[in-house]
Amino acid sequence: MSERSELDEHLGPKPSDLPLGVVVGGSLSTGLTVKIHPAFTVEKLAVGRYVVIRGRQTDRTFFGIITDIGLDATDADLARRPPMPDEDFSAEVLSGEIAYGTMHVSPMLMLDEDQDQPRPVKTIPGHFSAVFEASAKDVDRVFGTEDKTHFYVGTPLDMESVQVNLDLARFIERSAGVFGKSGTGKSFITRTVLAGIIRSGLASTLIFDMHNDYGWSVLDESGREYKGLRQLFPGGHVSVITLDEETSRARGSKVDGVLRVGYEQIQPEDVEMLGSFMGLSGVMIDALYYLSYKLGSKWISILLGDENEETTLQDLVDEGRILGATLSAIRRRFEFFRRMGFLVPGKGDDAVDEIFHRLNMGTSVVLEFGTYGNTMAAYVLVANYLTRRIHERYVRQKNLAAGGQGDEPRPLVIVIEEAHKFLDPQIAGHTIFGTIARELRKYSVTLLIVDQRPSGIDDEVMSQIGTRMTCLLDNEADIRAVFSGVSGAGALREVLARLDTQQQALIMGHAVPMPVVVRTRDYDTSLYASIGLAEGEELKKRAKKGSKTLYGD
Amino acid sequence: MSEKAVLIARVTRCSTRSFVGASRLPEADVPTFGSFCKARAQRGQSEVIGLIYDIRIEDDEMARQIAIAADPSQEQLADNRVSRLIPIEISCLAVGYSSQDGYAYALPPQPPMTLDDVFALSRDEVMAFTQSMDFVPLVFSAPGLPADELLAACLRYSAEVRPQSEQRAFLVEAGRVCARQLAGDVARLDRLVRNLAP
Ligand SMILES: Nc1ncnc2c1ncn2[C@@H]1O[C@H](COP(=O)(O)OP(=O)(O)OP(=O)(O)O)[C@@H](O)[C@H]1O
Ligand SMILES: [Mg+2]
């Protein structure tokens, strides 16, 4: 025999050759119960890890994820007469054999001997099938390799050598969500994924950047600096358009444009969304439609008292068209518009066309809110205003393309934060974001919603979310919400509630072959490099090489 | 084999499940309750491995009379113990057999023959035989034996023949094998495991 096998014999089987345990029960819908082998201790397992189950009667291999870990005993009496703390020997004998560990495994994928692509499970392994810890090779096979449309976003827990690659084409095909408590890393994951999407060229992105997280550099708590998308793609694939030029300049952002919305461009539909933020009652909102119809395009300036049209307004009251009290209440609330520096009297610019044009050319747009990000109403107003109009153009373009009179528009991913403010059950039915989430990719527009309170989002919208990347959540309702419409993933709740507080996420859905808990990829120079950005030394080297070839010296 | 095989008895009665050997006075340390022995079977093709579960000395009229005598002399006692032929009966449970292929942990195909020699198993043989614990179920399933005490004695003895450093691990493993058999009776298991504890 060879040297190797002698050595193997001497050392005993390698850890991964020994089964963790055997399947003793369960079902496809509720998952499998596995009795853990006495040689293993539950103390070394972790929920969220992968296991491989070799079918006992076939050559089929199943992949599963550990969703719960427990203790059991063959005899209920044991709990009444356990070994005392000093009875080490008894404890050692009993544990593993009649007092043993169990784990709950959700089967996810299966792989037949003659296939190389795993498929979703349709059955389960038989009784006493052996369960093994998945090796890096097993997991690697599931998540495939990184390429132009598969982007590396993190590594499975305890498997630093394995890359989890998001299938970006599938990711943008349906709306997606990033969830998690505050400070868990939502913005970092989102920025990472966006970098992947932009590099792949599969879609343009329109980012409503509430907290100035995406465009230019961001500092973390410890003062470390991270590059924004505009810096990662200096070649023009990303434009930053700001609402607050002063703040953007102060932050040192490179700005490609300033958004100005003219009062005359605002329609009652845009204001309606702000009802709850501005304290507009149902009656007032109805009145808005009437007022804009009556007063024409200058309706906002008139209501703000800038147009010398007091008599016109008084007439409406006198004719009984509107209550004086309602009118004054609306006018008081409209004072809000004056405080929004990006709103200007008059017709404003053609910002929408400009942005649509950029998006359609393949340039992603970061809309930086500056200090206006602290005003929810400003965020909701602008996001709605632009999205409604851009969506309209997409619909038009798509219809033209369908009629053979134009090109297909370039797919678009719209990123919104605090998404529950746009998608709560009361308004999701009639807002543009609810519409986009529901119509799927019919018009090549999908959402990437970032939210810390998914329970506030309409159920129907949630169930349309194709890919969910969820960081730690501890509120029961939020946890329930991220699993809504995901079949058989209920067992993953345990996994979710036990994520680390930062940089860990459960990814499930459309863009991954099976749910996976990852430590998200570090957002650092190696990521910059992987999307093609050369820095410092590297850049100098390249410059030198460039000049050599240019001047032949 | 390094040690010389110690003859402890000759077979007087036997079945495939057990055999009884008789001998004169026992040596100081063999045989003992819970130790292993072996006897030829199948005309020497195999050896039955026995586990000693009972050692018995029958009384007779003479012994009874000496016992109740007012003051028996030392000579009388010694004479009775050494010179008289009172058989000592050693009962053994068949727990396996050896053949060319090594040990099998099952009842032997045939029992030993009457008056075959019964030898104690050497330390090396004990170690080899107890490499596997598959004989334990045979002990539990034998009717009418003090199985728990017998196993405790046998397993402790089997541990002692091993190097110091391996003894504990051996006993833990042995305990687990017993636990598997007694999974439904925690009270009994508890006693047995305490008896095994090093
Ligand atoms: N992939 C990562 N690489 C490096 N640091 C990270 C990563 N993910 C998270 N962090 C760290 O975690 C901190 C919080 O992350 P982030 O700002 O993305 O949280 P958040 O969920 O968006 O919070 P909030 O809800 O307040 O917006 C970051 O400042 C950074 O220090
Ligand atoms: Mg954030």
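The shown structure was predicted, so the numbers you read here are calculated from the model rather than taken from an experiment. (Residues numbered from 1 in each chain as written. Chains lettered and ligands numbered in written order. Predicted model: local features only at pLDDT ≥ 70, side-chain atom pairs only at ≥ 80, totals over all residues. Heavy atoms only, no water.)

Trainee: Got a sec to walk through the side chain of Thr 470 of chain A? Specific residues and values, please.
Mentor: Residues and elements named next belong to chain A. When you line up the elements, Thr 470 lands in strand 21 (residues 467-470). For Thr 470, a relative accessible area of 1% corresponds to the buried category. Those residues in contact with Thr 470, other than ones at most four positions away along the chain, are Phe 179, Val 482, Leu 496, Leu 499, Gln 504, Ala 505 and Leu 506. (Helix = DSSP H or I, 4+ residues; strand = E, 2+ residues; numbered from the N terminus. Buried < 20%, exposed > 50% of the residue type's maximum accessible area, 1.4 Å probe, protein only. Contact = heavy atoms within 4.5 Å.)

Trainee: An account of the interface of chain B and chain A is requested, with residue identities and associated values reported.
Mentor: Across the contact, 19 residues belong to chain B and 16 residues belong to chain A. When the two sides are added together, the surface that chain B and chain A hide from each other amounts to roughly 1500 Å², 60% of it contributed by carbon and sulfur. Interface area lost by chain B to chain A is led by Arg 168, Arg 176 and Val 186 of chain B, which between them contribute 37%. The interface formed by chain B and chain A includes 2 salt bridges. Those elements that place two or more of their residues in the side of chain B that touches chain A are helix 6 (164-181) and helix 7 (186-196) of chain B. (Buried area = accessible area lost by both parts, 1.4 Å probe. Salt bridge = Lys/Arg side-chain N within 4 Å of Asp/Glu carboxyl O.)

Trainee: Can you tell me about the sheet that holds strand 9 (residues 164-167) of chain A, naming the residues and giving the values?
Mentor: Residue and element names in this part refer to chain A. Read across the sheet, 12 strands follow the order 9-8-23-22-21-10-20-19-11-18-14-15 without closing on themselves; strand pairing throughout is mixed. The open sheet terminates on both sides in strands that have one partner only, identified here as strand 9 and strand 15 (257-258). Strand direction decides the pairing type here: strand 10 (residues 176-179) and strand 21, joined by 4 bridges, are parallel. Bridging across to strand 21, Gly 177 finds its partner in Arg 468. (Pairing = 2+ DSSP bridges.)

Trainee: A description of the domain arrangement of chain A should follow, citing residues and the corresponding values.
Mentor: Residue and element names in this part refer to chain A. Entries for chain A in the domain assignment read domain 1 (14-143), domain 2 (166-242 + 350-520) and domain 3 (266-337). Summed over both partners, the interface of domain 1 with domain 2 comes to about 1100 Å²; 79% of that surface belongs to carbon and sulfur atoms. A per-residue breakdown of the area domain 1 buries against domain 2 is headed by Thr 67, Met 108 and Phe 143, which together make up 37% of the total. Taken together, the links from domain 1 to domain 2 amount to 0 salt bridges. At the surface where domain 1 touches domain 2, the tally comes to 1 residue pair in polar contact (both at pLDDT 80 or more). If you list the elements that add at least two residues to the side of domain 1 that touches domain 2, you get strand 4 (61-73), strand 5 (99-111) and helix 3 (136-143). (Domains from an automatic or database assignment. Polar contact = N/O pair within 3.5 Å; in protein donor to acceptor, adjacent residues only side chain to side chain.)

Trainee: Give a detailed account of the confidence of the model for chain B, specifying residues and quantitative values.
Mentor: All names here are of chain B. For chain B, per-residue confidence averages 88 on the pLDDT scale, and 94% of positions sit at 70 or higher. Ranking the elements of chain B by mean pLDDT puts helix 2 (residues 74-83) last, at 76, and helix 5 (residues 147-160) first, at 95. Scored as a complex, the prediction yields pTM 0.74 and ipTM 0.82. (pLDDT = per-residue confidence, 0-100.)

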